[in-house]
Amino acid sequence: MRGGVLLGVLWGGTFLAACSGNPVDLGQRGSATGFVDAPRSGALANPTTTQTLYTSDSGAIYGFAIDDTSLYALLKTGDDCELVSCPMDRCGSELSVLATGLARPDVGPPATAIQIVGDWLFWGYGANSPLDGVAACPKTGCRSPTKVQSTTRGLLATDDDYLYWTDYDGWLNRWNAEASVERLRYLAIDSGSELHGLAVAGDFVYFADAAATAILRARKDGSEPPELLLTSDAVSSIGATPDTIYYSSAILAGAISSCAATGCNGSDRTLVMNQRWPQGLRIAGADAFWLTGGATTAPDNLGIVSLWNCGLPECAGVRSFVMDFEVGDLARYNGDIDAVKRFAVNHEFVVWLERTQEVRQALRRRAR
């Protein structure tokens, strides 16, 4: 079955966006095919069990996210997209439409990561790179998403109250969907270049510059200019807690490293070595997750990556969480911009998106 889409998730709820130009009654049963029920008890009983949540010959997932109970996604149906949701273990029987008439990003799936702030969902929209802006819709659904025009660089980050991003003019922005957008401070980032990491922790926003050689931080309210924390080779992604910065170095024999959030002079440490092109680093509670990759398959030349995790702060117990799954065109799979769209984590499960030689995409889950 070539050209299909397969979606699998770890426990939690599911949110999907599928494209359609026709109005619908919010909350109606979703019409997208391919979603299946995946009992939570089955996944928790055996942590090595992988469950599939979705498969399709013609659909395409343009973005997804999970909270503690549900899955959310942007799903292509025809020429447009819908936003849909479902309890993560009952996506086949309880899929609901949240919004329709969403323009399909032409940059190709996965085009945007969905972010969650409270009861709101956020995603980047637009047919080009940079994206045209950011859209928001409540988890309960919306007739039309609220949109903010901004030349979004592609990376979005959140805290408990706001969504954060940088625009192509080099400014830090934040938005609470129930208030107006704040353009906070000029960060002196190279105009027109992508960042290689964006994270929020405590009172600060952390970012890796466009050259991938430095990590900086700025107060998330924009009250102070950014300060340099460290210089390093080939920074591909970053994560942060209020006390510590974690970052990956995307070289053939790459590494996961850390340093104090107040500055890395003398405090930087290599935690994991010999990681093949690591990227997509994500902090989830007391654990870190990241992707490695670089190989391709024949004859379709699909990129092969693996998902890893470890326990913080020492990155103890490093393990290969999911080994050697295919993700599509490896040429597009570079840096944090694309990697962060490939997996999501909640307190019980990890959900990841893949593509195989048999199906167009796959979304699966496994217990942490």
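Note that this is a predicted model, so its numbers are computed, not measured.

(A) Just the sheet that holds strand S16 (residues 204-208), in detail. Pairing within the open sheet is antiparallel, and its 4 strands lie in the order S15-S16-S17-S18. Across the chains shown, the open sheet's two edge strands, defined by having one partner strand only, are strand S15 (198-201) and strand S18 (227-231). Strand-to-strand, the axes of this sheet are offset by a mean angle of 20 degrees, without reference to chain direction. Note: S15 against S16, 4 bridges, orientation antiparallel. Residue pairing for S16: alanine 201 is matched across the bridge by phenylalanine 204.

(B) Expanded view of the confidence of the model for the protein. Taken as a whole, the protein shows an average pLDDT of 80; of its residues, 77% reach a score of 70 or greater. Mean pLDDT values over the elements of the protein span from 36, in strand S1 (residues 5-7), up to 95, in strand S7 (residues 115-117). Across residues 1-27 the pLDDT falls below 50, and counting only partners more than four positions away or on other chains, this stretch makes 197 contacts in the model. Under a pLDDT of 50 for its full length, residues 330-337 has, in the predicted model, 34 contacts with residues more than four places off or in other chains.

(C) Focus on the nonpolar core. Judged by nonpolar contacts, the single largest core of 20 residues is most densely connected at Ile61, Phe64, Leu71 and Leu363. Counting residues in hydrophobic clusters, the runner-up holds 18 residues, among them Ala99, Leu102, Cys137 and Cys142.

(D) Seen up close, the sheet that holds strand S22 (residues 269-275). Strand order in the open sheet made by the 4 strands is S19-S20-S21-S22, with antiparallel pairing throughout. The open sheet has two edge strands with one neighbour each: strand S19 (235-240) and S22. Each adjacent strand pair in this sheet contributes to an overall mean axis angle of 15 degrees, direction not counted. The pairing of strand S21 (residues 254-260) with S22 spans 4 bridges and is classified as antiparallel. Residue serine 257 lies in a different strand from S22, and its bridge partner there is threonine 270.

Criteria and thresholds
- Residues numbered from 1 in each chain as written.
- Predicted model: local features only at pLDDT ≥ 70, side-chain atom pairs only at ≥ 80, totals over all residues.
- Heavy atoms only, no water.
- Pairing = 2+ DSSP bridges.
- Helix = DSSP H or I, 4+ residues; strand = E, 2+ residues; numbered from the N terminus.
- Axes fitted to C-alpha atoms, helices over the stretch in contact; angles between N-to-C directions.
- pLDDT = per-residue confidence, 0-100.
- Contact = heavy atoms within 4.5 Å.
- Core = buried A, V, L, I, M, F, W, Y, C linked by side-chain atoms within 4.5 Å.
- Buried < 20%, exposed > 50% of the residue type's maximum accessible area, 1.4 Å probe, protein only.

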